[in-house]
Amino acid sequence: MANKNSKSIELKECFLFDVSGKKYKFDKAVVGFAYYESIFNPFVSAIVQVTDSGGNFIAKIPIQGGEKVVLKVEDVEGNQYDYELFVWKVYNRVFNKSMQNYNLALISKEALYNEGARLTERLRGTPDAIVEKILKDYLKTEKEIKTERAKYQVQFFPNGKKAHHIIQTVSQKAVPQSSKSTEGDTSK
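Residues numbered from 1 in each chain as written. Predicted model: local features only at pLDDT ≥ 70, side-chain atom pairs only at ≥ 80, totals over all residues. Heavy atoms only, no water.

Caption draft 1: Highlighting the overall build of the protein chain. Secondary structure summary: the protein chain contains four helices and 11 strands in total. Computed over its C-alpha atoms, the radius of gyration of the protein chain comes to 21 Å, more than 25% above the 16 Å expected for a compact globule of 188 residues. When the 188 residues of the protein chain are sorted by exposure, 36% land in the buried category. The long-range share in the protein chain, meaning contacts at least 24 apart out of those at least 6 apart in sequence, stands at 58%. Working note: accessible area of the protein chain is about 11,800 Å², and carbon and sulfur atoms make up 48% of it. Considering the protein chain, the positive charge centre built from 29 side chains and the negative charge centre built from 23 side chains are found 4 Å apart. (Helix = DSSP H or I, 4+ residues; strand = E, 2+ residues; numbered from the N terminus. Rg over C-alpha atoms; globule rule 2.2 N^0.38 Å. Buried < 20%, exposed > 50% of the residue type's maximum accessible area, 1.4 Å probe, protein only. Contact = heavy atoms within 4.5 Å. Areas by Shrake-Rupley, 256 points an atom, 1.4 Å probe, with all protein chains shown as cover. Lys, Arg positive; Asp, Glu negative; His and termini not counted. Charge placed at Lys NZ, Arg CZ, Asp CG, Glu CD.)

Listed below in structure tokens is the structure:
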């Protein structure tokens, strides 16, 4: 990662925490890091390329999914960024004599919780309040939630769907408070 072009970053630290919380220094094994954000996905993801020459982290830690990975990177302007992501899968594993190479697919904590969260109780309130409840109660986010106040109350039956799917569905029903629309007004 010594190439200093406009897309270059330098990995400063990388720690992997096993599912019981034990911390492992991992930056010597990381040979690549790619970070992804998309307006089409409700979460961030990353890929860490690992070259494991004798440490056999997969067996010793073991890496199986759900482990926390903390990365500290620096860009060409000296800005530092910290990422806390979780292992979603291990793939492209290749053995070569006493070395193995593989990729760790990483996602945010909320995306990991989304895989196990199925909502079954009726949701009632404004869409912004429903989204906030889902993010806090089901996806356990500790991040700041920024929403625009909605004008009308809605009622939604999730029928066991994933949290992100419900958020996208409910958000389509939202009318901003600043809107002059009376289309969904049930008070008249």
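Caption draft 2: The sheet that holds strand 3 (residues 30-36), seen in detail. Taken in spatial order, the seven strands make up an open sheet running 2-1-5-6-7-4-3, and their pairing is antiparallel. For this open sheet the edge positions go to strand 2 (23-25) and strand 3, each flanked by a neighbour on one side alone. This sheet shows a mean twist of 30 degrees between the axes of neighbouring strands, independent of strand direction. (Pairing = 2+ DSSP bridges. Axes fitted to C-alpha atoms, helices over the stretch in contact; angles between N-to-C directions.)

Caption draft 3: Inspection of the pattern of salt bridges at higher detail. Under the criterion given, the structure shown has 12 salt bridges. Measuring nitrogen to oxygen at the nearest pair gives 3.5 Å for the salt bridge that ties Lys72 to Asp82. Residue Lys72 is found in strand 5 (residues 68-75), and its partner Asp82 is found in strand 6 (residues 80-96); the two are separated by 10 residues along the sequence. With relative accessibility at 26%, the residue Lys72 sits in the partly exposed group. The salt bridge involving Lys143 is made with Glu110; its shortest N-O contact spans 3.1 Å. Remark: Glu110 occurs in helix 2 (residues 109-116) and Lys143 occurs in the loop between helix 3 (127-138) and strand 10 (154-156); sequence separation between them is 33 residues. Several salt bridges converge on common partners, so that one network encompasses Glu10, Lys12 and Glu74. (Salt bridge = Lys/Arg side-chain N within 4 Å of Asp/Glu carboxyl O.)

Caption draft 4: Expanded view of helix 2. When we look at burial in helix 2, the residues that qualify are Lys109, Glu110, Ala111 and Asn114. Of the surrounding secondary structure, the elements contacted by the buried residues of helix 2 are strand 6, strand 7 (99-107), strand 8 (118-119), strand 11 (161-162) and helix 4 (163-171).

Caption draft 5: Representation of the confidence of the model for the protein chain. Summary statistics for the protein chain give a mean pLDDT of 86 and a share of 92% for residues scoring 70 or more. This model gives residues 1-6 a pLDDT under 50, and the stretch forms 11 contacts once residues within four places in sequence are excluded. (pLDDT = per-residue confidence, 0-100.)

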